Amino acid sequence: MAFSFIQLADPQFGMYASLSGIDNPSFDRLTDLGMNITKVPKTTGFQYETARYEMAIAAANKLDPEFVITCGDMCNDKENPADEYTELMRITSTLSKTIPMYWVAGNHDVTNQPTPESLSRYHKLYGDDVYSFDREDSHFVVINSTVCQDPSLVWNEWERQVEFLTSDLRDARGNGSRHMVVFTHHPPFLTFPDEDDSWLVIPKKRRRVLIDLFMKYGVSHVFSGHWHRNHYSYFRKLQIVATSSVGYPLGGDPSGFRIVNVYDDRIEHEFFALGSPPENIEQAYKFG
Ligand SMILES: [Fe+2]
(Lines give C-alpha, C1' and ligand atoms only; values in the text may rest on other atoms or scores of the structure.)
Protein backbone atom coordinates (compact mmCIF):
# COMPACT_ATOMS: atom_id res chain seq x y z
CA MET A 1 0.00 0.00 0.00
CA ALA A 2 1.24 3.45 -0.86
CA PHE A 3 -0.50 5.42 1.92
CA SER A 4 -3.79 6.06 3.73
CA PHE A 5 -5.86 9.09 4.59
CA ILE A 6 -8.96 9.75 6.71
CA GLN A 7 -12.00 11.56 5.36
CA LEU A 8 -14.36 13.34 7.75
CA ALA A 9 -17.58 15.16 6.88
CA ASP A 10 -19.96 17.52 8.66
CA PRO A 11 -18.68 17.79 12.22
CA GLN A 12 -21.12 20.74 12.17
CA PHE A 13 -20.65 22.18 15.64
CA GLY A 14 -24.02 23.42 16.95
CA MET A 15 -26.32 21.36 14.73
CA TYR A 16 -27.61 19.08 17.51
CA ALA A 17 -28.66 22.05 19.65
CA SER A 18 -30.25 23.78 16.64
CA LEU A 19 -32.47 20.73 16.01
CA SER A 20 -33.28 20.16 19.70
CA GLY A 21 -36.71 21.18 20.98
CA ILE A 22 -38.03 21.14 17.42
CA ASP A 23 -41.78 21.79 16.98
CA ASN A 24 -44.06 19.23 15.35
CA PRO A 25 -44.52 20.97 11.96
CA SER A 26 -40.75 21.40 11.55
CA PHE A 27 -40.15 17.83 12.64
CA ASP A 28 -42.69 16.57 10.09
CA ARG A 29 -41.22 18.74 7.33
CA LEU A 30 -37.68 17.48 7.93
CA THR A 31 -38.87 13.89 8.25
CA ASP A 32 -40.70 14.29 4.92
CA LEU A 33 -37.38 15.38 3.41
CA GLY A 34 -35.90 12.07 4.53
CA MET A 35 -33.99 13.37 7.53
CA ASN A 36 -33.82 11.03 10.47
CA ILE A 37 -34.18 13.60 13.28
CA THR A 38 -34.51 12.56 16.92
CA LYS A 39 -36.89 14.58 19.08
CA VAL A 40 -35.03 15.78 22.15
CA PRO A 41 -35.65 18.60 24.67
CA LYS A 42 -34.19 22.02 23.84
CA THR A 43 -30.50 22.27 24.58
CA THR A 44 -27.72 24.75 23.80
CA GLY A 45 -24.01 24.60 23.08
CA PHE A 46 -22.19 21.91 21.16
CA GLN A 47 -21.29 19.17 23.64
CA TYR A 48 -22.77 16.61 21.21
CA GLU A 49 -20.37 17.61 18.44
CA THR A 50 -17.41 18.10 20.81
CA ALA A 51 -17.64 14.49 22.04
CA ARG A 52 -17.82 13.10 18.51
CA TYR A 53 -15.14 15.27 16.91
CA GLU A 54 -12.79 14.46 19.80
CA MET A 55 -13.32 10.75 19.07
CA ALA A 56 -12.59 11.30 15.37
CA ILE A 57 -9.37 13.21 16.09
CA ALA A 58 -8.32 10.60 18.68
CA ALA A 59 -8.87 7.86 16.09
CA ALA A 60 -6.78 9.80 13.55
CA ASN A 61 -3.96 10.19 16.07
CA LYS A 62 -4.02 6.45 16.74
CA LEU A 63 -4.27 5.40 13.10
CA ASP A 64 -1.67 7.91 11.86
CA PRO A 65 -2.89 8.60 8.30
CA GLU A 66 -0.93 10.61 5.74
CA PHE A 67 -3.52 13.40 6.15
CA VAL A 68 -7.09 14.11 7.31
CA ILE A 69 -9.59 15.99 5.17
CA THR A 70 -12.92 17.38 6.41
CA CYS A 71 -15.51 17.67 3.63
CA GLY A 72 -17.46 20.70 4.78
CA ASP A 73 -19.96 21.98 7.32
CA MET A 74 -17.39 22.37 10.02
CA CYS A 75 -19.77 24.70 11.92
CA ASN A 76 -23.56 24.96 11.84
CA ASP A 77 -24.19 28.68 12.28
CA LYS A 78 -24.08 30.21 8.81
CA GLU A 79 -23.90 33.80 10.04
CA ASN A 80 -21.86 33.79 13.25
CA PRO A 81 -19.90 30.59 13.88
CA ALA A 82 -17.39 32.24 16.25
CA ASP A 83 -17.89 29.98 19.31
CA GLU A 84 -18.35 26.88 17.20
CA TYR A 85 -15.20 27.67 15.23
CA THR A 86 -13.19 28.18 18.43
CA GLU A 87 -14.24 24.75 19.67
CA LEU A 88 -13.55 23.15 16.27
CA MET A 89 -10.04 24.58 16.26
CA ARG A 90 -9.39 23.75 19.92
CA ILE A 91 -9.95 20.07 19.15
CA THR A 92 -8.24 20.22 15.74
CA SER A 93 -5.12 21.50 17.50
CA THR A 94 -4.89 18.14 19.30
CA LEU A 95 -4.35 16.39 15.96
CA SER A 96 -0.75 15.20 15.76
CA LYS A 97 1.48 17.84 14.19
CA THR A 98 2.69 15.21 11.72
CA ILE A 99 -0.86 14.84 10.28
CA PRO A 100 -2.06 17.79 8.14
CA MET A 101 -5.74 18.73 8.17
CA TYR A 102 -7.30 19.87 4.89
CA TRP A 103 -10.65 21.71 4.81
CA VAL A 104 -13.43 21.66 2.20
CA ALA A 105 -16.10 24.40 2.16
CA GLY A 106 -19.67 23.33 3.01
CA ASN A 107 -22.90 25.25 2.57
CA HIS A 108 -23.01 26.07 6.29
CA ASP A 109 -19.49 27.50 6.02
CA VAL A 110 -20.16 29.84 3.08
CA THR A 111 -24.01 30.15 3.27
CA ASN A 112 -26.38 28.51 0.76
CA GLN A 113 -25.96 31.45 -1.59
CA PRO A 114 -22.28 32.39 -1.34
CA THR A 115 -21.34 36.06 -1.53
CA PRO A 116 -17.94 37.76 -1.82
CA GLU A 117 -18.23 38.43 1.93
CA SER A 118 -19.06 34.85 2.94
CA LEU A 119 -16.23 33.50 0.79
CA SER A 120 -13.83 36.05 2.22
CA ARG A 121 -14.81 34.99 5.75
CA TYR A 122 -14.20 31.36 4.78
CA HIS A 123 -10.75 32.19 3.42
CA LYS A 124 -9.85 33.91 6.70
CA LEU A 125 -11.02 30.94 8.80
CA TYR A 126 -9.89 27.99 6.67
CA GLY A 127 -7.70 29.18 3.79
CA ASP A 128 -8.42 28.71 0.09
CA ASP A 129 -11.63 26.95 -0.95
CA VAL A 130 -10.31 25.73 -4.33
CA TYR A 131 -6.89 24.09 -4.36
CA SER A 132 -4.99 20.88 -4.96
CA PHE A 133 -2.17 18.92 -3.41
CA ASP A 134 -0.16 15.76 -4.10
CA ARG A 135 0.86 12.73 -2.11
CA GLU A 136 3.46 10.49 -3.68
CA ASP A 137 2.21 10.28 -7.26
CA SER A 138 -1.49 10.83 -6.49
CA HIS A 139 -3.31 14.12 -7.06
CA PHE A 140 -6.07 15.54 -4.84
CA VAL A 141 -8.32 18.45 -5.76
CA VAL A 142 -10.65 20.40 -3.45
CA ILE A 143 -13.55 22.40 -4.89
CA ASN A 144 -16.31 24.56 -3.41
CA SER A 145 -19.54 22.75 -4.33
CA THR A 146 -21.75 25.40 -2.75
CA VAL A 147 -20.51 27.81 -5.41
CA CYS A 148 -21.47 25.11 -7.94
CA GLN A 149 -24.90 24.87 -6.24
CA ASP A 150 -25.65 28.58 -6.43
CA PRO A 151 -23.08 30.87 -8.08
CA SER A 152 -25.64 33.62 -8.76
CA LEU A 153 -23.88 36.20 -6.54
CA VAL A 154 -20.32 35.01 -7.26
CA TRP A 155 -20.44 33.96 -10.90
CA ASN A 156 -16.73 34.73 -11.32
CA GLU A 157 -15.99 32.14 -8.61
CA TRP A 158 -17.76 29.43 -10.60
CA GLU A 159 -15.76 30.42 -13.67
CA ARG A 160 -12.56 30.46 -11.62
CA GLN A 161 -13.26 26.91 -10.42
CA VAL A 162 -13.83 25.60 -13.94
CA GLU A 163 -10.62 27.27 -15.15
CA PHE A 164 -8.70 25.91 -12.18
CA LEU A 165 -10.07 22.38 -12.59
CA THR A 166 -9.36 22.37 -16.31
CA SER A 167 -5.71 23.39 -15.99
CA ASP A 168 -5.04 21.56 -12.72
CA LEU A 169 -6.44 18.20 -13.86
CA ARG A 170 -4.78 18.55 -17.27
CA ASP A 171 -1.40 19.25 -15.66
CA ALA A 172 -1.78 16.38 -13.18
CA ARG A 173 -2.66 14.00 -16.00
CA GLY A 174 0.27 15.31 -18.03
CA ASN A 175 2.59 14.76 -15.07
CA GLY A 176 1.54 11.11 -14.92
CA SER A 177 -0.45 11.20 -11.66
CA ARG A 178 -1.42 7.66 -10.73
CA HIS A 179 -4.70 8.56 -9.01
CA MET A 180 -6.85 11.67 -9.37
CA VAL A 181 -9.31 12.29 -6.53
CA VAL A 182 -11.73 15.19 -5.96
CA PHE A 183 -13.17 16.36 -2.62
CA THR A 184 -16.45 18.27 -2.45
CA HIS A 185 -19.18 18.97 0.09
CA HIS A 186 -22.19 18.20 -2.15
CA PRO A 187 -22.00 14.91 -4.05
CA PRO A 188 -22.39 15.70 -7.78
CA PHE A 189 -25.35 13.31 -8.10
CA LEU A 190 -27.38 10.76 -6.15
CA THR A 191 -27.90 7.95 -8.65
CA PHE A 192 -27.48 9.13 -12.25
CA PRO A 193 -25.46 12.00 -13.75
CA ASP A 194 -28.58 13.35 -15.49
CA GLU A 195 -30.97 13.12 -12.54
CA ASP A 196 -33.09 16.12 -11.53
CA ASP A 197 -31.79 18.96 -9.42
CA SER A 198 -32.27 18.94 -5.65
CA TRP A 199 -30.69 20.45 -2.55
CA LEU A 200 -28.77 17.20 -2.12
CA VAL A 201 -26.59 17.46 -5.24
CA ILE A 202 -24.90 19.85 -7.65
CA PRO A 203 -27.44 21.17 -10.21
CA LYS A 204 -27.49 19.40 -13.57
CA LYS A 205 -26.18 22.32 -15.63
CA ARG A 206 -22.97 22.67 -13.67
CA ARG A 207 -22.79 19.00 -12.67
CA ARG A 208 -22.39 18.17 -16.36
CA VAL A 209 -19.42 20.52 -16.70
CA LEU A 210 -17.70 18.94 -13.69
CA ILE A 211 -18.41 15.34 -14.67
CA ASP A 212 -17.11 15.99 -18.20
CA LEU A 213 -13.84 17.30 -16.73
CA PHE A 214 -13.60 14.38 -14.30
CA MET A 215 -14.14 11.87 -17.11
CA LYS A 216 -11.79 13.65 -19.52
CA TYR A 217 -8.86 13.62 -17.10
CA GLY A 218 -9.56 10.29 -15.37
CA VAL A 219 -10.75 11.27 -11.88
CA SER A 220 -11.56 7.95 -10.19
CA HIS A 221 -13.26 9.07 -6.96
CA VAL A 222 -15.22 12.02 -5.60
CA PHE A 223 -15.42 12.01 -1.79
CA SER A 224 -18.12 14.23 -0.31
CA GLY A 225 -20.43 14.77 2.67
CA HIS A 226 -23.59 16.92 2.99
CA TRP A 227 -26.13 14.08 3.32
CA HIS A 228 -25.01 13.00 6.81
CA ARG A 229 -25.28 9.39 5.64
CA ASN A 230 -23.25 7.00 3.56
CA HIS A 231 -24.03 6.65 -0.11
CA TYR A 232 -22.23 5.27 -3.15
CA SER A 233 -22.94 5.86 -6.82
CA TYR A 234 -21.11 5.25 -10.06
CA PHE A 235 -20.73 6.63 -13.55
CA ARG A 236 -18.49 4.50 -15.76
CA LYS A 237 -15.19 4.35 -13.85
CA LEU A 238 -16.02 7.28 -11.58
CA GLN A 239 -17.20 6.51 -8.05
CA ILE A 240 -19.09 9.13 -6.01
CA VAL A 241 -18.83 8.58 -2.27
CA ALA A 242 -20.88 10.43 0.34
CA THR A 243 -19.66 9.88 3.89
CA SER A 244 -21.83 10.01 7.01
CA SER A 245 -21.19 12.86 9.41
CA VAL A 246 -18.82 13.09 12.34
CA GLY A 247 -21.64 15.10 13.94
CA TYR A 248 -25.43 14.61 13.77
CA PRO A 249 -26.29 11.73 11.39
CA LEU A 250 -29.47 12.11 9.29
CA GLY A 251 -29.76 8.58 7.91
CA GLY A 252 -29.29 5.06 9.22
CA ASP A 253 -25.51 5.34 9.54
CA PRO A 254 -23.85 6.35 12.80
CA SER A 255 -21.43 9.22 13.30
CA GLY A 256 -18.08 8.11 11.95
CA PHE A 257 -15.23 8.53 9.53
CA ARG A 258 -13.85 6.95 6.39
CA ILE A 259 -10.42 5.42 5.91
CA VAL A 260 -9.12 5.54 2.35
CA ASN A 261 -6.23 3.29 1.39
CA VAL A 262 -4.36 4.30 -1.75
CA TYR A 263 -2.57 1.44 -3.49
CA ASP A 264 -0.48 1.62 -6.65
CA ASP A 265 -3.27 0.08 -8.75
CA ARG A 266 -6.47 0.97 -6.83
CA ILE A 267 -8.15 2.93 -4.07
CA GLU A 268 -10.13 1.15 -1.36
CA HIS A 269 -12.11 2.66 1.49
CA GLU A 270 -14.37 1.82 4.37
CA PHE A 271 -16.56 3.72 6.82
CA PHE A 272 -16.12 3.16 10.57
CA ALA A 273 -18.44 4.20 13.39
CA LEU A 274 -16.69 6.43 15.91
CA GLY A 275 -17.13 3.83 18.62
CA SER A 276 -15.53 1.01 16.68
CA PRO A 277 -12.42 2.15 14.80
CA PRO A 278 -10.12 -0.53 13.39
CA GLU A 279 -6.99 -1.60 15.22
CA ASN A 280 -4.84 -0.39 12.37
CA ILE A 281 -5.38 1.56 9.22
CA GLU A 282 -4.67 -1.30 6.80
CA GLN A 283 -7.89 -3.05 7.85
CA ALA A 284 -10.05 -0.76 5.70
CA TYR A 285 -10.77 -2.30 2.33
CA LYS A 286 -14.45 -2.76 1.65
CA PHE A 287 -15.18 -0.52 -1.36
CA GLY A 288 -12.89 -0.02 -4.32
FE1 LIG B 1 -24.11 19.27 6.91
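Residues numbered from 1 in each chain as written. Predicted model: local features only at pLDDT ≥ 70, side-chain atom pairs only at ≥ 80, totals over all residues. Heavy atoms only, no water.

1. Observations regarding the sheet that holds strand β5 (residues 138-142)
Read from one edge of the open sheet, 6 strands run β4-β5-β6-β7-β9-β8, paired in mixed fashion. In this open sheet, the two edge strands, each paired with only one partner strand, are β4 (131-135) and β8 (231-235). Across the sheet, the mean angle from the axis of one strand to that of its neighbour is 20 degrees, orientation sign disregarded. Taken together, the 5 bridges between β5 and strand β6 (residues 179-183) define a ladder with parallel strand orientation. Looking at β6, one finds that Val-142 is bridged to Phe-183. (Pairing = 2+ DSSP bridges. Helix = DSSP H or I, 4+ residues; strand = E, 2+ residues; numbered from the N terminus. Axes fitted to C-alpha atoms, helices over the stretch in contact; angles between N-to-C directions.)

2. Things to note about the sheet that holds strand β11 (residues 267-273)
With respect to topology, 5 strands assemble into an open sheet ordered β3-β2-β1-β10-β11, the strand pairing being mixed. Each having just a single partner strand, β3 (101-103) and β11 make up the two edges of the open sheet. Adjacent strand axes in the sheet meet at a mean angle of 25 degrees, parallel and antiparallel pairs treated alike.

3. Quick look at the coordination of the iron ion
All of the protein donors around the iron ion are Asp-10 (OD), Gln-12 (OE1), Asp-73 (OD) and His-228 (NE2); their distances to the metal are 2.1 to 2.2 Å. For the iron ion, the 4 donor atoms in the first shell make angles of 86 to 176 degrees at the metal, so the coordination geometry reads as irregular. Read from N- to C-terminus, the donor residues coordinating the iron ion fall into the pattern D-x1-Q-x60-D-x154-H. Taken together, the residues span a long stretch of sequence, with Gln-12 in the loop between β1 (3-8) and α1 (15-19) and His-228 in the loop between β7 (221-224) and β8 at a distance of 216 residues. (Donors = N, O, S within 2.8 Å, 3.2 Å for Na, K, Ca; no water. Tetrahedral: all angles 85-135°; square planar, octahedral: opposite > 155°, others 65-115°.)

4. Concerning helix α6 (residues 116-126)
Listed in full, the buried residues belonging to α6 are Ser-118, Leu-119, Tyr-122 and Tyr-126. Buried residues of α6, viewed axially, fall in a sector of 100 degrees; they line one side. With respect to the buried face of α6, the exposed residues turned more than 90 degrees away are Glu-117 and Lys-124. Considering only its buried residues, α6 is in contact with α4 (82-92), β3, α5 (107-110), α7 (145-149) and α8 (155-174). (Buried < 20%, exposed > 50% of the residue type's maximum accessible area, 1.4 Å probe, protein only. Arc of directions from axis to C-beta. Contact = heavy atoms within 4.5 Å.)

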